[in-house]
Amino acid sequence: MEELSFEAVDDAVAMDAAIAAAASARFRTSPNPWVGAVVVVDGRINGTGATEPPGGLHAERMAMEAAARTCGGSISGSTLVTTLEPCHHTGRTQPCTEAIVAAGVARVVVAVEDPDSQVAGRGVDFLRDAGIEVIVGVRSVEVTEQLAAYLHHRQTGRPLVILKMATTFDGRTAAPDGSSKWITGPEARADVHRMRAESDAVCVGSGTILADDPRLDVRDWPDGVVMGAANPRRIVLGAIPKGARVLPADEHHGDLGELLDRLGSEGVLQLLVEGGAQVAGRFHREGLADRVVAYIAPALLGGDDGRPVLAGAGAAVMADVWRGYFTNVQFLGEDLRVELVPKA
């Protein structure tokens, strides 16, 4: 394999490699952030690391240790490229900032600063005070998206709420008799299971449990085993009948805001709301959905008696219509996956 020149491994290229490393850790680090890092020595990437599960090493230490092995011990004068600001506090591990200084790293390139109150710029300041050049903002858009759930949690104290729905082209989630299996095809269902694997918890209403008796696991995502994905925690709004396949699960009765506050305090970074229509309507009307993901099937129920996506009262006038931005559109088999976020 041809060695890359220094010009080839610029900060952006190195950050791309760090982003790829972070993706490999997405399903096993929560509630810690899934961070990637690389060490560049003499124009080449000599070490790559990703954050280990809670209690293990952070990405920066993993990358530095790998580079040290490659370089025969010393990485003095190197550049460390990391997707998130290095920590500057003692938790389960020692501060990464101190290890960076001790290793003799000359430059640190950071995509985004960490909003966690224990970091919040202190890591960058410490490194600069130690005489290390620090660059912040390389590939910040991509990393902000990759770390969206973590950043949202640290900024608000609540999990990022993703409202998922599967609909026919005419906006129905079930036939008049309540049947809904299957609106979308296997590719779309596998993608839902991937989102479950990314989420710390999934939420449905007791009506969905009674009607469909779902397991709410990740069994239909083929890559889940390889990626180390685990089933999410299950939250049911209302009573759970004995013997339901969703068990073990938690019941919640009452205010949704209180639920989000509690889940946030318990380290839930991302909550996937799968409905049904009553639950989806509640999250929508209370303004609690941070993202909406719709799987649209090329199918028509063809009437006004099918079950709607969102149950309950909607906007009374056009001035009150919820509006957002489309952020991603893609085909999954025969279906269309559309993702949108609300306007600020």
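Look up a bit, the structure's there.
Residue positions are given per chain, counting from 1 as you read along its sequence in written order. Given that the model is predicted, a residue must reach a pLDDT of at least 70 before its local features are reported, and side-chain atom pairs must reach 80 or more before they are shown or counted; all residues, however, enter totals for whole chains, interfaces and linings. No hydrogens and no water enter the side-chain calculation; it runs on all heavy atoms of the structure.

## Section: the overall build of the protein
Next, step 1: Here a strand is any run of E in DSSP of at least two residues, a helix any run of H or I of at least four, and the numbering for each starts at the N terminus. Broken down by element type, the protein carries 11 helices and 15 strands.
Next, step 2: When we talk radius of gyration, it's over C-alpha atoms, and the globule rule is simply 2.2 Å times the number of residues to the 0.38. A compact globule built from 344 residues would reach a C-alpha radius of gyration of about 20 Å, and the protein, at 23 Å, matches this within 12%.
Next, step 3: Each principal axis of the C-alpha atoms in the protein carries an extent, and together these give about 70 × 45 × 40 Å.
Next, step 4: Note on classification: 1.4 Å probe, protein chains only; a residue is buried when its accessible area is under 20% of the maximum for its type, exposed when over 50%, partly exposed between these limits. Across the 344 residues in the protein, those meeting the buried criterion constitute 48%.
Next, step 5: By element, 52% of the accessible surface of the protein is carried by carbon and sulfur atoms, the whole surface being about 16,200 Å².
Next, step 6: Asp and Glu count as negative and Lys and Arg as positive, but His and the ends of the chain are not part of the count. For charged residues, the charge sits on one atom: NZ in Lys, CZ in Arg, CG in Asp, CD in Glu. On the protein, the mean spot of the 32 positive side-chain charges and the mean spot of the 46 negative ones are 6 Å from each other. To measure how exposed things are, a 1.4 Å probe is used in the Shrake-Rupley method; for residues, cover is taken only from the protein chains shown.

## Some details on the pairing of strand E1 (residues 36-41)
Next, step 1: Along E1, 6 of the 6 residues are buried, which leaves the element largely enclosed by surrounding structure.
Next, step 2: Residue alternation in E1 divides its side chains into two sets, Gly 36, Val 38 and Val 40 and Ala 37, Val 39 and Val 41, and both sets are buried.
Next, step 3: A pair of strands is considered paired only if DSSP assigns at least 2 bridges between the two. Connecting the antiparallel pair E1 and strand E2 (residues 44-50) is a turn made up of 2 residues, with Asp 42 showing a positive phi of about 55 degrees.

## Considering the sheet that holds strand E6 (residues 160-168)
Next, step 1: As summarised here, the arrangement of the 8 strands in space is E10-E9-E8-E11-E6-E12-E15-E14, forming an open sheet in which the pairing is mixed. Strands with a single pairing partner mark the edges of an open sheet, and in this sheet they are strand E10 (250-252) and strand E14 (324-332). When strand polarity is set aside, the average angle formed by the axes of neighbouring strands in this sheet is 25 degrees.
Next, step 2: Judged from the 4 bridges that link them, strand E8 (residues 201-205) and strand E11 (residues 270-275) form a sheet pairing that is parallel. Its bridge partner lying in E11, Ala 201 is registered against Leu 271.
Next, step 3: Sheet strands touched by helix H7 (residues 186-198): E6, E11, strand E12 (291-297), E14 and strand E15 (335-342). Its angle to E11, the strand with the most contacts, is close to 140 degrees. Between N-to-C directions, angles cover 0 to 180 degrees, with each direction set by a line fitted to C-alpha atoms, over the stretch in contact for helices. Two residues qualify as a contact provided that any one of their heavy atoms is within 4.5 Å of a heavy atom in the partner residue.

## Looking at the sheet that holds E2
Next, step 1: As summarised here, the arrangement of the 5 strands in space is E2-E1-E3-E4-E5, forming an open sheet in which the pairing is mixed. Both edges of this open sheet fall to E2 and strand E5 (133-136), since each of them pairs with a single strand only. Across the sheet, the mean angle from the axis of one strand to that of its neighbour is 15 degrees, orientation sign disregarded.
Next, step 2: Here strand E4 (residues 107-112) pairs with E5 via 4 bridges, running parallel. Looking at the pairing, Val 108 lines up with Val 134 of E5.
Next, step 3: Relative to E5, helix H4 (residues 122-129) is tilted by about 150 degrees, and along the sheet it contacts E4 and E5.

## Describing the nonpolar core
Next, step 1: Among buried residues, those of type Ala, Val, Leu, Ile, Met, Phe, Trp, Tyr and Cys that are joined through side-chain atoms within 4.5 Å constitute a nonpolar core. Among the nonpolar cores identified, the biggest contains 61 residues, and Met 15, Met 64, Leu 80, Ile 100, Val 108 and Leu 147 are the most heavily contacted of them.
Next, step 2: Excluding residues within four positions of it along the chain, Met 64 makes contact with Val 39, Ile 75, Leu 80, Ala 99, Ile 100, Ala 103 and Val 105.

## Quick word on the environment of Ala 313
Next, step 1: With respect to the element layout, Ala 313 can be found in the loop between strand E13 (307-308) and E14.
Next, step 2: A C-alpha to C-alpha distance of 59 Å links Ala 313 and Val 105, two positions 208 residues apart in sequence.

## Digging into the state of the cysteines
Such a bond, covalent and formed between the sulfur atoms of two cysteines, is termed a disulfide.
Next, step 1: Only a pair of cysteine sulfur atoms within 2.5 Å counts as a disulfide in this structure description. Within this structure, the stated rule accounts for 0 disulfides.
Next, step 2: Unpaired in this structure, Cys 71 has its nearest cysteine sulfur neighbour in Cys 96, at a distance of 19 Å.
Next, step 3: We classify Cys 71 as partly exposed; its relative accessible area is 29%.

Keep in mind these values describe shape, not function.
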